[in-house]
Amino acid sequence: MSRLEAKKPSICSREPLPGGRAGASLAALRGLVASCYGPAGRLKQLHNGRGGPVAATSHSAALLAGLPVSHPVLKVLTAAVRSHVACFSDAGLFTAILCCNLVENVQRLGLTPTTVIRLNKHLLSLCTSYLKSEVCACRIPVDFGSTQILLSLVRSILTSKPACMLIAKEIDHISTLILRAFLLTIPENAQEHVILGKSVIVPLKGQRVIDSAVLPGILIEVSEVQLMKILPIKKSDSFKVAVFCVSLSGDLSDTGEGTLLVSYGVSLENAALDQLFNLGKQLVNDHVDLVLCQKVIHPSLKQFLRTHQIIAVDRIGVSLMEPLSKVTGTRPIGSLGSISPSSYGTVKDLCIAKFGCKHFFHLIPNKTTVCSLLLCNRNDTAWDELKLTCQTALHALQLTLKEPYVLLGGGCTETHLVAYIRNKTRNEPESILRGERCSQTELQLITEAFCSALESLAGSLEHDGGEVLTDGKYGHFWSVQANLPSAVNWPDLPSRCGCGLYSSQEELSWSFLRSARHPFPPQTCLSPEAKDSADTLTLDCFTAKLSGLQVAVETASLILDLSCVIEDTN
């Protein structure tokens, strides 16, 4: 018998948080995620020491899922970011970088956590109130009568993920397909409360990206052997469909720790087959044309259905059950007993389709709110990244339908917010200090730390050693290339700002990002030219970025408020 070790006591760490080891871990995480940020972000290769797949990505969902963290502070931060990404899909790197910047900047001030948290909450309120106001100069209303802004949003999301390995022509093609797939999920007679359909992404790896397509209905992959056994059916009206989520293989269900009593002379296999044939006879009598099963159908039942001109397709998988329910208009059948007539659904048409080397069974619905996005890419790694990015873009469009606004991207929203906050706190400090037990000096220190965190976030978009400027009129982000001669006229270099809204041809004054500059009121109320140039803009999802801003500030406050960490070492 092996010797049992005594339980070790838990370790209580009271080192200043996030100082010491926590501060070094936080800086390492910030460097990692900041290097992935934006269209020029560097890719990270994920693999483990035990083998398995290797992935190259800059997507926060894949990065944080494959990144093991041990320090409790990092666990809090990564859990918050992953929770945000699970809800909104977008702005994961934005949230992580901003949170790290806030914690690092504030800890250098030496102020009490209570004061910092309270004032950061006020500054967050300033940001969210401004972004939601009608005078906000970095928010654009979305007109669903036009596709320009929506296409710009999707194109911006695709461009921000270089691991997708797309050229400009492919980005335009995929952007159009994503928007088309999204529009197909909106019911034709949509009321005030819209219930969206479903877009199913179908993989087709090793093919040209330009071969990607959107089809109404569902594509069910079938083997060539299955295809040979499917009989062609032609009908003038719709097809009756039975969808099963229970196994039709005739296997006995697991009894667990219980005991199954069987009468003498009774064959369980024959009894199960009899039950399946009784089910098959009912399907024949009810004039069912198509049987779809999530799991396995017994070969004898398949043969029986085939002799009665009924198509049977099995091993569909759980992921297609919800889309199948929407396509057929019925819920999956979960028992082998008598089937109610209301349990059957219908589809408009059935056909066989071939894409690349794969064969598909194509179900075309009566009302198109479910579609299949046939997604192609050159290799597995690029396809996986493209799938994640397409899911993010589709989710961003859904969020935009709920809140019809987008934010200017390319770092312009962040630098514009910095100009707005600095001007507000410098000229109207009383509105913030009212009722707060802190001095104006503390307010200015924390404001500068908050603004510096946003500026560092915007500066993370530059990865090639270039210089980042801001203008003195709009407070937008401008980038110029590195290693320029000293005699060059800097204002002539940037052609357009980060979001693409403004041109350097205007009479603007520039200053380096994070340089000392007197606060100025940035121009509010978006200019009319924004809508005219919408097809060239870099945009961000309004809802996702607003939530990311809130999560970053609240998580930073939580980390700063930690006094000790108790770890169980057993």
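Small disclaimer: the values here were computed from a predicted structure and weren't measured. (Residues numbered from 1 in each chain as written. Predicted model: local features only at pLDDT ≥ 70, side-chain atom pairs only at ≥ 80, totals over all residues. Heavy atoms only, no water.)

Engineer: Whenever I open this one, the overall build of the protein chain confuses me. Can you help?
Structural biologist: Scanning the protein chain from N- to C-terminus turns up 17 helices and 20 strands. Counting over 570 residues, the protein chain shows a buried share of 48%. Taking as baseline every contact in the protein chain between residues at least 6 positions apart, the subset at least 24 positions apart corresponds to 76%. Approximately 27900 Å² of the protein chain is accessible, and the part contributed by carbon and sulfur atoms is 52%. (Helix = DSSP H or I, 4+ residues; strand = E, 2+ residues; numbered from the N terminus. Buried < 20%, exposed > 50% of the residue type's maximum accessible area, 1.4 Å probe, protein only. Contact = heavy atoms within 4.5 Å. Areas by Shrake-Rupley, 256 points an atom, 1.4 Å probe, with all protein chains shown as cover.)

Engineer: Would you mind showing me how to read empty space enclosed by the protein here?
Structural biologist: If a probe as big as a water molecule is rolled over the atoms, it shows which places are left empty. Tallied over the full model, the rule gives 2 cavities of 30 Å³ or more. Considering only enclosed or pocket space, the largest cavity measures out at about 170 Å³ in volume. Along its surface, the largest cavity is lined by 16 residues, and Arg 422, Glu 455, Thr 470, Arg 517 and Phe 520 are the ones closest to its centre. Those elements giving two or more residues to the lining of the largest cavity turn out to be helix 13 (412-427), strand 16 (467-471) and strand 18 (510-512). At 4 residues, the largest contribution of residues to the lining of the largest cavity is made by helix 13. (1 Å grid on protein atoms, 1.4 Å probe; cavity = no way out; pocket = protein on both sides within 12 Å on 5 of 7 lines; lining within 4 Å. Points joined across faces, edges and corners; volume = space filled by probe spheres on them.)

Engineer: So what exactly am I meant to see when it comes to the sheet that holds strand 18 here?
Structural biologist: Sheet strands line up and pair through hydrogen bonds in the backbone, either parallel or antiparallel. Spatially, the 3 strands line up as an open sheet ordered 17-16-18, and their pairing is antiparallel. Lying at the two open borders of the sheet, with one neighbouring strand each, are strand 17 (477-480) and strand 18. Between one strand and the next, the sheet's axes are offset by a mean angle of 40°, whatever the strand orientation. Pairing analysis gives 3 bridges linking strand 16 to strand 18, with the strands arranged antiparallel. When the sheet's bridge partners are listed, Asp 471 is paired in strand 18 with Trp 510. (Pairing = 2+ DSSP bridges. Axes fitted to C-alpha atoms, helices over the stretch in contact; angles between N-to-C directions.)

Engineer: What is the right way to look at the pairing of strand 14 (residues 370-377) in this model?
Structural biologist: Along a regular strand, successive side chains alternate from one face of the sheet to the other. With respect to burial, strand 14 is a largely interior element, 8 of its 8 residues being buried. Side chains Val 370, Ser 372, Leu 374 and Cys 376 of strand 14 all project onto a buried face; the interleaved residues Cys 371, Leu 373, Leu 375 and Asn 377 project onto the opposite face, where all are buried too. Pairing between strand 5 (residues 198-205) and strand 14: 8 bridges, direction parallel. Looking across to strand 14, one finds that Lys 205 is bridged to Asn 377. As judged from the 4 bridges shared by strand 6 (residues 213-216) and strand 14, these two strands associate in the antiparallel manner.

Engineer: I tried to follow the side chain of Ser 460 on my own but got confused; where do I start?
Structural biologist: By the secondary structure assignment, Ser 460 is in the loop between helix 15 (440-459) and strand 16. Ser 460 gets classed as buried once you look at its relative accessible area, which sits at 11%. Apart from residues lying up to four places away in sequence, Ser 460 is in contact with Ala 34, Tyr 37 and Ile 97.

Engineer: Please explain the packing of helix 4 (residues 92-107) against helix 17 (residues 542-560) as it appears in this structure.
Structural biologist: When two helices pack together, their arrangement is captured by the angle between the axes and the distance separating the axes. The interhelical angle for the contact between helix 4 and helix 17, taken along N-to-C directions, is 35°, at an axis separation of 8 Å. In the crossing of helix 4 with helix 17, the sense of the turn from one axis to the other is right-handed. Counted together, Phe 94, Thr 95, Leu 98, Cys 99, Leu 102, Val 103 and Val 106 of helix 4 and Lys 545, Gly 548, Leu 549, Val 551, Ala 552, Val 553, Thr 555, Ala 556, Ile 559 and Leu 560 of helix 17 form the full contact between these two elements. (Left-handed = near helix turned anticlockwise from the far one by under 90°.)

Engineer: In this structure, what is going on with the environment of Thr 112? I would like to understand it.
Structural biologist: Here Thr 112 lies in the loop between helix 4 and helix 5 (113-132). C-alpha of Thr 112 to C-alpha of Leu 560: the two residues are 448 residues apart in sequence and 9.3 Å apart in space. Only 2.8 Å separates the side chain of Thr 112 from the side chain of Thr 115, close enough to count as a polar contact. (Polar contact = N/O pair within 3.5 Å; in protein donor to acceptor, adjacent residues only side chain to side chain.)

Engineer: How should I be thinking about helix 17 in this particular structure?
Structural biologist: At 3.6 residues per turn, the α-helix brings residues three or four places apart onto the same side. Helix length check: helix 17, at 19 residues, gives a terminal C-alpha distance of 27 Å against a target of 27 Å (1.5 Å per residue), a fit within 8%. Of all 19 residues making up helix 17, 16 are buried, and the element is well covered by its neighbours. (Expected span 1.5 Å × (residues − 1).)

Engineer: What should I look at first to understand the nonpolar core in this one?
Structural biologist: The tendency in soluble globular proteins is for nonpolar side chains to be buried as a group. Grouped together as the largest cluster of nonpolar side chains are 116 residues, with contacts concentrated most on Leu 77, Leu 98, Leu 131, Ile 174 and Ile 178. Here this core takes 10 residues from helix 4, the largest share from any one element. Excluding residues within four positions of it along the chain, Leu 77 makes contact with Leu 26, Leu 29, Ala 96, Cys 99, Cys 100, Thr 555 and Ile 559. (Core = buried A, V, L, I, M, F, W, Y, C linked by side-chain atoms within 4.5 Å.)

Engineer: Explanation requested: the packing of aromatic side chains in the structure shown.
Structural biologist: The geometry of an aromatic ring pair comes down to the distance between the two centres and the angle between the two planes. Considering all chains together, one arrives at 5 aromatic pairs under this definition. Between the aromatic rings of Tyr 405 and Phe 542, the centroid separation amounts to 5.8 Å while the plane-to-plane angle is 55°, which identifies the pairing as tilted. Of this pair, Tyr 405 sits in strand 15 (residues 405-408) while Phe 542 sits in helix 17, and the two are 137 residues apart along the sequence. Relative accessible area serves as the criterion here: at 23%, Tyr 405 is assigned to the partly exposed category. With relative accessibility at 2%, the residue Phe 542 sits in the buried group. (Phe/Tyr/Trp six-rings, centres within 6.5 Å; stacked < 30°, edge-to-face > 60°.)

Engineer: What exactly am I supposed to notice about the layout of surface pockets here?
Structural biologist: Estimates place the volume of the largest pocket at around 830 Å³. Broken down by secondary-structure element, the contributors of at least two residues to the lining of the largest pocket are helix 4, helix 6 (148-159), strand 17 and strand 19 (539-541). Looking at the lining of the largest pocket, the element that brings in the most residues is helix 6, giving 5 residues. Split into classes, the residues belonging to the lining of the largest pocket amount to 14 nonpolar, 19 polar and 9 charged. Of the pockets and cavities examined, the second largest pocket occupies roughly 650 Å³. Lining the second largest pocket are 26 residues, with Lys 198, Ser 199, Val 200, Ile 201 and Ser 319 positioned closest to its centre. Looking at the lining of the second largest pocket, the elements with two or more residues in it are strand 5, strand 7 (218-222), helix 11 (321-328) and helix 12 (380-402). When the residues that make up the lining of the second largest pocket are grouped by side-chain class, the tally is 12 nonpolar, 8 polar and 6 charged. (Nonpolar A, V, L, I, M, F, W, Y, C, P; charged D, E, K, R; others polar.)

Engineer: What am I meant to see in the environment of Ile 333 here?
Structural biologist: Residue position: Ile 333 is located in the loop between helix 11 and strand 11 (345-347). For the pair Ile 333 and Val 246, spaced 87 residues apart in sequence, the C-alpha separation works out to 7.2 Å.

These figures come from the coordinates and say nothing about function on their own.
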